[in-house]
Amino acid sequence: MALMPSDGGFVVVFCTAPPDLAVVLAKTLVEEQLAECINRLPVKSSYLWGGDLCMDEETLMIIKTTTQLLPALKNRICEIHT
């Protein structure tokens, strides 16, 4: 998860997830009012996991929220994300 702070107490959070999970995350975070808006984009990710090279189709979520909601947002993502 990466954060991009902005002026005025708003932040943009970047998070990737498998496509099906990204749908669940986006729906949950917006319904629970932890995010104002979430954009989902298909991406191809390359990364090391457990020493192995992984190349997966994922969804990049661009999550807009406030600095005040950020701790709860982060906790909720960690609860749901695999």
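Residues numbered from 1 in each chain as written. Predicted model: local features only at pLDDT ≥ 70, side-chain atom pairs only at ≥ 80, totals over all residues. Heavy atoms only, no water.

Attention now goes to the overall build of the protein chain. Within the protein chain one finds two helices and four strands. Starting at the N terminus and walking to the C terminus, you meet the elements of the protein chain as β-β-α-β-β-α. The C-alpha radius of gyration computed for the protein chain amounts to 13 Å, which stays within 12% of the reference 12 Å derived for 82 residues, consistent with globular compactness. Looking at the protein chain as a whole, 30% of its 82 residues qualify as buried. The long-range share in the protein chain, meaning contacts at least 24 apart out of those at least 6 apart in sequence, stands at 60%. Per element, the accessible surface of the protein chain, about 5,500 Å² overall, is 58% carbon and sulfur. The distance from the centre of the 6 positive side-chain charges to the centre of the 10 negative ones in the protein chain is 4 Å. (Helix = DSSP H or I, 4+ residues; strand = E, 2+ residues; numbered from the N terminus. Rg over C-alpha atoms; globule rule 2.2 N^0.38 Å. Buried < 20%, exposed > 50% of the residue type's maximum accessible area, 1.4 Å probe, protein only. Contact = heavy atoms within 4.5 Å. Areas by Shrake-Rupley, 256 points an atom, 1.4 Å probe, with all protein chains shown as cover. Lys, Arg positive; Asp, Glu negative; His and termini not counted. Charge placed at Lys NZ, Arg CZ, Asp CG, Glu CD.)

Let's shift gears to the packing of helix α1 (residues 19–31) against helix α2 (residues 70–80). Relative to each other, α1 and α2 sit at 145°, their axes nearing to 11 Å. The handedness of the crossing between α1 and α2 comes out as right-handed. Residues L21, V24, L25, T28 and L29 of α1 pack against L73, R76, I77 and I80 of α2. Partitioning the contact of α1 with α2 into residue classes produces seven nonpolar, one polar and one charged. (Axes fitted to C-alpha atoms, helices over the stretch in contact; angles between N-to-C directions. Left-handed = near helix turned anticlockwise from the far one by under 90°. Nonpolar A, V, L, I, M, F, W, Y, C, P; charged D, E, K, R; others polar.)

Our focus in this paragraph is the pattern of salt bridges. Counted according to the given criterion, the structure contains three salt bridges. With a closest N to O distance of 2.9 Å, E31 and K27 form a salt bridge. Residue E31 and its partner K27 are located together in helix α1, separated by four residues, close to a single helical turn. One salt bridge connects E32 with R76, and the closest N-O pair in it is separated by 2.8 Å. Here R76 lies in helix α2 and E32 lies in the loop between α1 and β3 (37–49), a separation of 44 residues in the sequence. Residue E32 is classed as partly exposed on the basis of its relative accessible area of 38%. A cluster of three or more residues bridged by salt bridges with shared partners is formed by E32, R76 and E79. (Salt bridge = Lys/Arg side-chain N within 4 Å of Asp/Glu carboxyl O.)

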